[in-house]
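# Reading the structure
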Amino acid sequence: GSDSERRTGEDAGESGGVVALKRGRTSPMRQEVLERQALDAELQDQRVLFDLRSEQAQSLERRLAALLAREAPRVHALRAWIAAHEPQAEQRLERCTESLARSRAMRSDVEAMREEKLRRISEVEAEWRAQRQHIAATSAGARHGAEEAASKAEALQR
């Protein structure tokens, strides 16, 4: 355990000071110096990190500025094209919407006419069936009457 603690302290650049601090074997003055060194090292690390992040942010800002400079003409051209064509597109959309409404109304009318035609066909079919039954019944009655009359005539001839 003590060997790994020594390595940890040495790796941190504290030459065993933190290990001794952890064990509680240092004088208060030495402890204060070690804490100050640790804070200074942490502050230095934070400054380095801050400088690195600042450089990265500046690099991104420069890249963004270059991209905007390169793309600005295209963006302006697109905005101008949209501004010029938007009224025409809105008019075309309005005409299409009106045409769609007329088409839907026409389809509705055609559907209503189709349903009316099917209803009338059903009525005509029912009437035709009724007439056919009536004709069949009348025909059967007439045939029966003719057969009866023929039988009577044959009986009278004998």
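Residues numbered from 1 in each chain as written. Predicted model: local features only at pLDDT ≥ 70, side-chain atom pairs only at ≥ 80, totals over all residues. Heavy atoms only, no water.

## Regarding the overall build of the chain
In terms of helices and strands, the chain carries three helices and zero strands. When its helices and strands are written in sequence order, the chain yields α-α-α. Sorting the 158 residues of the chain into buried and exposed places 3% on the buried side. Summing over all exposed atoms, the chain offers an accessible surface of approximately 14200 Å²; the carbon and sulfur share of this is 56%. (Helix = DSSP H or I, 4+ residues; strand = E, 2+ residues; numbered from the N terminus. Buried < 20%, exposed > 50% of the residue type's maximum accessible area, 1.4 Å probe, protein only. Areas by Shrake-Rupley, 256 points an atom, 1.4 Å probe, with all protein chains shown as cover.)

## Notes on a nonpolar patch on the surface
Residues L64, L67 and L68 make up a contiguous nonpolar surface patch of about 280 Å² in total accessible area. Tracing the sequence through the fold places L68 in helix 3 (residues 28–157). (Patch = residues over 30% accessible without salt bridge, like charges linked within 9 Å, V, L, I, M, F, W, Y side chains within 5 Å. Salt bridge = Lys/Arg side-chain N within 4 Å of Asp/Glu carboxyl O.)

## What about the confidence of the model for the chain?
For the chain, the average pLDDT comes to 87, and 84% of its residues sit at 70 or higher. The least confident element of the chain is helix 1 (residues 2–11), whose mean pLDDT is 43; the most confident is helix 3, at 95. Counting contacts from residues 1–21, a segment whose pLDDT is below 50, to residues more than four positions away or on other chains yields 15 contacts. (pLDDT = per-residue confidence, 0-100. Contact = heavy atoms within 4.5 Å.)

## Details of helix 3
Side chains that are three or four residues apart share a direction in an α-helix, a result of its 3.6 residues per turn. Over its 130 residues, helix 3 extends only 159 Å from the first C-alpha to the last, a length that falls short of the 194 Å expected when each residue adds 1.5 Å. The largest bend in helix 3 comes to about 45°, at E71, with the proline P73 one to four residues further on. (Expected span 1.5 Å × (residues − 1). Bend = angle between axes of the 7 residues up to and from the residue.)

## A short note on the pattern of salt bridges
The final tally for this structure, using the stated rule, is seven salt bridges. In this structure, R36 engages D40 in a salt bridge whose closest nitrogen and oxygen atoms are separated by 3.7 Å. Of this pair, R36 and D40 both sit in helix 3, four residues apart, which is roughly one turn of that helix. Across the pair E125 and R129 runs a salt bridge, and its minimum N-O distance is 3.0 Å. Of this pair, E125 and R129 both sit in helix 3, four residues apart, roughly one helical turn. For E125, a relative accessible area of 38% corresponds to the partly exposed category. Linked by salt bridges that have partners in common, E116, R119, R120 and E123 make up one network.

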